[in-house]
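Residue-level listing of the chains:
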Amino acid sequence: MNPTTYNKSASRQGSSVHGQVIAPVRGAACNDMDWNEYFTCCKDTGVLTWKPRDFSGVPYPNLRWGWNKRFAGKPSGLIDNQGYLSIRVFMRHYGGHRIIWEMVNGPIPKGMQIDHIDGNRRNNAITNLRLATPMQNTQNRKVSKISKSQLKGVYKYKNRWVATINLNRKRYYLGMHKTKEGAHAAYCAKSIELHKDFS
(Lines give C-alpha, C1' and ligand atoms only; values in the text may rest on other atoms or scores of the structure.)
Protein backbone atom coordinates (compact mmCIF):
# COMPACT_ATOMS: atom_id res chain seq x y z
CA MET A 1 0.00 0.00 0.00
CA ASN A 2 1.22 3.48 -0.86
CA PRO A 3 2.37 5.31 2.29
CA THR A 4 0.89 8.56 0.97
CA THR A 5 -2.55 7.14 1.74
CA TYR A 6 -2.15 8.36 5.30
CA ASN A 7 -1.00 11.92 4.61
CA LYS A 8 -3.88 13.57 6.46
CA SER A 9 -3.21 11.68 9.63
CA ALA A 10 0.58 11.67 9.50
CA SER A 11 0.95 14.78 11.61
CA ARG A 12 -0.69 12.96 14.51
CA GLN A 13 1.10 9.64 14.23
CA GLY A 14 3.81 10.82 16.58
CA SER A 15 1.81 11.47 19.72
CA SER A 16 4.01 12.64 22.58
CA VAL A 17 2.02 10.93 25.34
CA HIS A 18 5.08 8.99 26.55
CA GLY A 19 6.90 12.24 27.22
CA GLN A 20 9.98 11.19 25.28
CA VAL A 21 12.28 13.87 23.91
CA ILE A 22 14.08 12.70 20.77
CA ALA A 23 16.82 14.95 19.39
CA PRO A 24 17.57 13.64 15.87
CA VAL A 25 15.64 14.61 12.75
CA ARG A 26 15.53 12.97 9.31
CA GLY A 27 19.05 12.47 8.06
CA ALA A 28 20.54 12.56 11.55
CA ALA A 29 21.46 9.57 13.69
CA CYS A 30 18.51 7.91 15.36
CA ASN A 31 20.46 5.41 17.45
CA ASP A 32 18.55 6.05 20.69
CA MET A 33 15.36 4.49 19.37
CA ASP A 34 14.36 0.84 19.52
CA TRP A 35 12.39 0.84 16.28
CA ASN A 36 11.18 -2.71 16.81
CA GLU A 37 9.01 -1.35 19.60
CA TYR A 38 7.07 0.77 17.11
CA PHE A 39 7.18 -1.01 13.74
CA THR A 40 7.22 -4.28 11.91
CA CYS A 41 9.41 -4.22 8.82
CA CYS A 42 9.05 -6.09 5.54
CA LYS A 43 12.64 -6.41 4.34
CA ASP A 44 11.61 -7.26 0.78
CA THR A 45 9.41 -4.21 0.22
CA GLY A 46 10.71 -1.71 2.75
CA VAL A 47 7.24 -1.14 4.18
CA LEU A 48 7.09 -0.18 7.86
CA THR A 49 3.85 -1.02 9.66
CA TRP A 50 2.77 0.53 12.93
CA LYS A 51 2.58 -1.81 15.89
CA PRO A 52 -0.20 -1.38 18.48
CA ARG A 53 0.87 0.88 21.34
CA ASP A 54 0.52 0.23 25.01
CA PHE A 55 -1.28 3.20 26.58
CA SER A 56 -1.94 1.47 29.89
CA GLY A 57 -0.34 4.32 31.83
CA VAL A 58 -2.22 7.07 30.01
CA PRO A 59 -5.38 8.39 31.74
CA TYR A 60 -7.22 9.07 28.47
CA PRO A 61 -9.21 6.03 27.26
CA ASN A 62 -10.17 7.74 24.00
CA LEU A 63 -6.50 8.18 23.15
CA ARG A 64 -5.71 4.54 23.91
CA TRP A 65 -8.56 3.33 21.75
CA GLY A 66 -8.32 5.94 19.00
CA TRP A 67 -4.64 5.72 18.06
CA ASN A 68 -4.53 1.95 17.73
CA LYS A 69 -7.77 1.89 15.77
CA ARG A 70 -6.50 4.48 13.30
CA PHE A 71 -2.88 3.45 12.87
CA ALA A 72 -1.99 0.01 14.25
CA GLY A 73 -1.42 -2.51 11.48
CA LYS A 74 -1.23 0.18 8.78
CA PRO A 75 1.76 1.40 6.72
CA SER A 76 3.52 4.35 8.32
CA GLY A 77 4.71 7.66 6.98
CA LEU A 78 4.37 9.72 3.83
CA ILE A 79 6.59 10.73 0.93
CA ASP A 80 8.21 14.12 1.55
CA ASN A 81 9.06 16.76 -1.04
CA GLN A 82 12.47 15.19 -1.62
CA GLY A 83 11.03 11.78 -2.43
CA TYR A 84 11.93 10.05 0.86
CA LEU A 85 9.59 8.13 3.13
CA SER A 86 9.27 10.36 6.20
CA ILE A 87 7.84 9.06 9.48
CA ARG A 88 6.89 11.14 12.48
CA VAL A 89 7.60 9.60 15.87
CA PHE A 90 7.15 11.66 19.04
CA MET A 91 7.13 14.98 17.19
CA ARG A 92 10.26 14.25 15.16
CA HIS A 93 10.57 13.20 11.52
CA TYR A 94 12.83 10.29 10.57
CA GLY A 95 13.77 8.83 7.20
CA GLY A 96 12.10 5.49 6.67
CA HIS A 97 15.24 4.14 4.98
CA ARG A 98 17.27 4.92 8.09
CA ILE A 99 14.75 3.23 10.37
CA ILE A 100 14.73 0.09 8.22
CA TRP A 101 18.53 -0.05 8.14
CA GLU A 102 18.76 0.20 11.93
CA MET A 103 16.04 -2.42 12.48
CA VAL A 104 18.02 -4.90 10.39
CA ASN A 105 21.66 -3.90 10.95
CA GLY A 106 21.80 -1.86 14.14
CA PRO A 107 22.84 1.77 14.68
CA ILE A 108 24.15 3.81 11.77
CA PRO A 109 27.78 4.79 12.48
CA LYS A 110 28.38 8.47 13.16
CA GLY A 111 29.03 10.45 10.00
CA MET A 112 27.57 7.79 7.70
CA GLN A 113 24.43 7.94 5.58
CA ILE A 114 22.14 5.38 3.97
CA ASP A 115 22.32 5.26 0.19
CA HIS A 116 19.64 3.89 -2.15
CA ILE A 117 21.66 1.70 -4.53
CA ASP A 118 19.30 2.08 -7.50
CA GLY A 119 18.78 5.81 -6.88
CA ASN A 120 15.07 5.34 -6.18
CA ARG A 121 14.38 6.99 -2.83
CA ARG A 122 11.08 5.16 -2.48
CA ASN A 123 12.67 1.73 -2.79
CA ASN A 124 13.48 0.93 0.83
CA ALA A 125 13.97 -2.80 0.42
CA ILE A 126 16.92 -3.75 2.60
CA THR A 127 18.79 -5.12 -0.44
CA ASN A 128 18.63 -1.61 -1.95
CA LEU A 129 20.19 0.12 1.07
CA ARG A 130 23.87 0.45 1.98
CA LEU A 131 26.11 2.52 4.19
CA ALA A 132 27.82 5.44 2.47
CA THR A 133 29.84 8.49 3.29
CA PRO A 134 28.16 11.81 2.38
CA MET A 135 30.43 12.04 -0.68
CA GLN A 136 29.61 8.50 -1.83
CA ASN A 137 25.91 9.22 -1.40
CA THR A 138 26.25 12.31 -3.59
CA GLN A 139 28.10 10.34 -6.28
CA ASN A 140 25.18 7.93 -6.60
CA ARG A 141 22.52 10.59 -7.16
CA LYS A 142 20.44 10.57 -10.30
CA VAL A 143 20.89 13.20 -12.96
CA SER A 144 19.14 16.51 -12.28
CA LYS A 145 15.74 16.99 -13.94
CA ILE A 146 16.89 20.36 -15.28
CA SER A 147 19.89 18.85 -17.08
CA LYS A 148 19.59 19.40 -20.83
CA SER A 149 21.49 16.23 -21.63
CA GLN A 150 19.67 14.10 -19.03
CA LEU A 151 22.94 12.20 -18.64
CA LYS A 152 25.21 12.42 -15.60
CA GLY A 153 28.41 14.40 -16.07
CA VAL A 154 27.42 15.78 -19.47
CA TYR A 155 26.54 19.30 -20.58
CA LYS A 156 26.38 21.08 -23.92
CA TYR A 157 28.82 23.79 -24.95
CA LYS A 158 28.04 25.37 -28.32
CA ASN A 159 27.79 22.41 -30.72
CA ARG A 160 29.70 19.92 -28.59
CA TRP A 161 29.04 17.83 -25.51
CA VAL A 162 31.42 18.17 -22.56
CA ALA A 163 32.08 15.44 -19.98
CA THR A 164 33.31 16.19 -16.45
CA ILE A 165 33.41 14.38 -13.13
CA ASN A 166 34.13 15.46 -9.55
CA LEU A 167 35.95 13.77 -6.68
CA ASN A 168 37.13 15.31 -3.41
CA ARG A 169 36.30 18.80 -4.67
CA LYS A 170 38.43 18.27 -7.76
CA ARG A 171 36.88 18.42 -11.22
CA TYR A 172 38.23 16.18 -13.98
CA TYR A 173 37.76 17.37 -17.56
CA LEU A 174 37.01 14.44 -19.85
CA GLY A 175 36.97 16.18 -23.19
CA MET A 176 34.51 17.52 -25.76
CA HIS A 177 32.49 15.06 -27.81
CA LYS A 178 30.34 15.15 -30.93
CA THR A 179 27.50 13.29 -29.21
CA LYS A 180 26.14 13.32 -25.70
CA GLU A 181 26.31 9.52 -25.69
CA GLY A 182 30.05 9.68 -26.38
CA ALA A 183 30.51 12.19 -23.57
CA HIS A 184 28.50 10.03 -21.21
CA ALA A 185 30.59 6.98 -22.09
CA ALA A 186 33.70 8.92 -21.07
CA TYR A 187 32.02 9.93 -17.82
CA CYS A 188 30.95 6.35 -17.01
CA ALA A 189 34.44 4.96 -17.60
CA LYS A 190 36.01 7.54 -15.31
CA SER A 191 33.25 7.13 -12.72
CA ILE A 192 33.98 3.41 -12.42
CA GLU A 193 37.65 4.27 -11.89
CA LEU A 194 37.03 6.97 -9.29
CA HIS A 195 33.72 6.10 -7.64
CA LYS A 196 33.83 2.31 -7.97
CA ASP A 197 30.63 0.77 -6.51
CA PHE A 198 29.06 4.23 -6.19
CA SER A 199 29.49 5.13 -9.85
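Novice: What am I meant to see in the packing of aromatic side chains here?
Specialist: Evaluated as defined, the whole model comprises 7 aromatic pairs. Look at tryptophan 35 and tyrosine 94: their rings are 5.0 Å apart centre to centre, the planes differ by 70 degrees, and that puts the pair in the edge-to-face class. Of this pair, tryptophan 35 sits in the loop between α1 (7-10) and β1 (39-42) while tyrosine 94 sits in strand β5 (residues 92-95), and the two are 59 residues apart along the sequence. For the pair formed by tryptophan 35 and tyrosine 94, the shared burial category is buried. Consider the rings of tryptophan 50 and tryptophan 67, whose centres lie 5.4 Å apart with planes at 85 degrees: the pair is edge-to-face. With a gap of 17 residues between them, tryptophan 50 in strand β2 (residues 47-50) and tryptophan 67 in helix α2 (residues 61-71) connect regions that are remote in the sequence. With relative accessibility at 4%, the residue tryptophan 67 sits in the buried group. Through a chain of ring-to-ring contacts, three or more aromatic side chains come together here, namely Trp35, Tyr38, Phe39, Trp50, Trp67, Phe71, Phe90 and Tyr94. One Lys or Arg, arginine 53, reaches over the ring of phenylalanine 90 and ends 5.2 Å from the middle of that ring. The aromatic ring of phenylalanine 198 is capped on one face by arginine 130, whose charged end is 3.8 Å from the ring centroid.

Novice: What am I meant to see in the pattern of salt bridges here?
Specialist: If charged atoms from side chains of opposite charge come close, those side chains can pair. Scanning the entire structure with this criterion turns up 2 salt bridges. In this structure, arginine 130 and aspartate 115 form a salt bridge, with 2.9 Å as the shortest nitrogen-oxygen distance. Here arginine 130 is found in strand β7 (residues 129-132), whereas its partner aspartate 115 is found in strand β6 (residues 113-116), with 15 residues between them in sequence.

Novice: Honestly, the sheet that holds strand β4 (residues 85-89) in this entry has me stumped. Any pointers?
Specialist: Two orientations exist for strands paired in a sheet by backbone hydrogen bonds: parallel and antiparallel. Strand order in the open sheet formed by 3 strands is β3-β4-β5, and the pairing between neighbours is antiparallel. Lying at the two open borders of the sheet, with one neighbouring strand each, are β3 (78-79) and β5. In the sheet, β3 pairs with β4 via 2 bridges, with the strands oriented antiparallel. Following the sheet pairing, leucine 78 is matched in β4 by serine 86.

Novice: What should I look at first to understand the environment of aspartate 115 in this one?
Specialist: Assessed through its relative accessible area of 3%, aspartate 115 is described here as buried. Spatially, the C-alpha atoms of aspartate 115 and asparagine 137 are 5.6 Å apart, while their sequence positions differ by 22 residues. The residues touching aspartate 115, leaving out its near neighbours within four places in the chain, are Asn128, Leu129, Arg130, Ala132, Asn137, Asn140 and Phe198.

Each value, and the rule that gives it
- Residues numbered from 1 in each chain as written.
- Predicted model: local features only at pLDDT ≥ 70, side-chain atom pairs only at ≥ 80, totals over all residues.
- Heavy atoms only, no water.
- Phe/Tyr/Trp six-rings, centres within 6.5 Å; stacked < 30°, edge-to-face > 60°.
- Helix = DSSP H or I, 4+ residues; strand = E, 2+ residues; numbered from the N terminus.
- Buried < 20%, exposed > 50% of the residue type's maximum accessible area, 1.4 Å probe, protein only.
- Lys NZ or Arg CZ within 6 Å of the ring centre and 35° of its normal.
- Salt bridge = Lys/Arg side-chain N within 4 Å of Asp/Glu carboxyl O.
- Pairing = 2+ DSSP bridges.
- Contact = heavy atoms within 4.5 Å.

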